[in-house]
Amino acid sequence: MAGLAQCQREAEEVTELMKQNFARALERDGRLSDLDSRAQELCAMGKAFTRSTRAVARQQRRGHRRWRLAAIGLIAAFLLLLALGLAIWLSRPAPTIITITVPPPTPSGGE
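Notes on the structure follow. A quick note: this is a predicted structure, and the numbers were derived from the prediction, not measured.

What follows is about the overall build of the protein. What the protein contains, in helices and strands, is one helix and zero strands. The globule rule puts the C-alpha radius of gyration for 111 residues at 13 Å, and the 51 Å found for the protein is more than 25% above it. The buried share of the protein, taken over its 111 residues, is 1%. When the accessible area of the protein is evaluated, it comes to approximately 10,900 Å², of which 65% is carbon and sulfur surface. In the protein, 16 positive and 10 negative side-chain charges are present, and the distance between their average locations comes to 19 Å.

Rendered as structure tokens:
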């Protein structure tokens, strides 16, 4: 009977170890679930961050494009005014040169 009692004790020890292992497994499962939910939250936050950075980049490109177009417009207006001024300056009539000939003085004395 001593052998049967020893087998009973060993079976109870094994049962207790199995219960402990099962409890640890459930605990690990809970922690894994927490980690999984945190990973999903981080993934969602990462996607939101990516969307917002794309929106900011798009907005900055639009702003840069506006400034670039404004600068090109100003340069074009300046060149147009410069060309217009040059065309007006070149189309004016050439200055006329007036020459006046003064007759040599005549001796006055009537001789």
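This is not the end of the story, as more comes after the structure.
Taken together, R54, R58, R61, R62, R65, R66 and R68 make up a surface patch of like positive charges. Structurally, the position occupied by R58 is in helix 1 (residues 2-91).

Quick look at the environment of F22 now. Within the secondary structure layout, F22 lies in helix 1. Since its relative accessible area comes to 55%, F22 is described here as exposed.

The final tally for this structure, using the stated rule, is one salt bridge. Between E27 and R31 there is a salt bridge, with its nearest N and O atoms 3.0 Å apart. Within this pair, E27 and its partner R31 are both found in helix 1, separated by four residues, close to a single helical turn. A relative accessible area of 47% means that R31 is categorised as partly exposed.

Judged by side-chain polarity, I75, F78, L79 and L82 come together as a nonpolar surface patch covering roughly 430 Å² of accessible area. The topology assignment puts I75 in helix 1. The exposure class assigned to I75 is exposed, which follows from its relative accessible area of 53%.

What follows concerns the environment of R65. If you trace the backbone, R65 turns up in helix 1. Using a relative accessible area of 46% as the deciding quantity, one classes R65 as partly exposed. A sequence separation of 28 residues divides R65 from S37, and the C-alpha atoms of the two residues are 42 Å apart.

Cut-off values and rules
Residues numbered from 1 in each chain as written. Predicted model: local features only at pLDDT ≥ 70, side-chain atom pairs only at ≥ 80, totals over all residues. Heavy atoms only, no water. Helix = DSSP H or I, 4+ residues; strand = E, 2+ residues; numbered from the N terminus. Rg over C-alpha atoms; globule rule 2.2 N^0.38 Å. Buried < 20%, exposed > 50% of the residue type's maximum accessible area, 1.4 Å probe, protein only. Areas by Shrake-Rupley, 256 points an atom, 1.4 Å probe, with all protein chains shown as cover. Lys, Arg positive; Asp, Glu negative; His and termini not counted. Charge placed at Lys NZ, Arg CZ, Asp CG, Glu CD. Patch = residues over 30% accessible without salt bridge, like charges linked within 9 Å, V, L, I, M, F, W, Y side chains within 5 Å. Salt bridge = Lys/Arg side-chain N within 4 Å of Asp/Glu carboxyl O.

These values are about where atoms sit, not about what they do.
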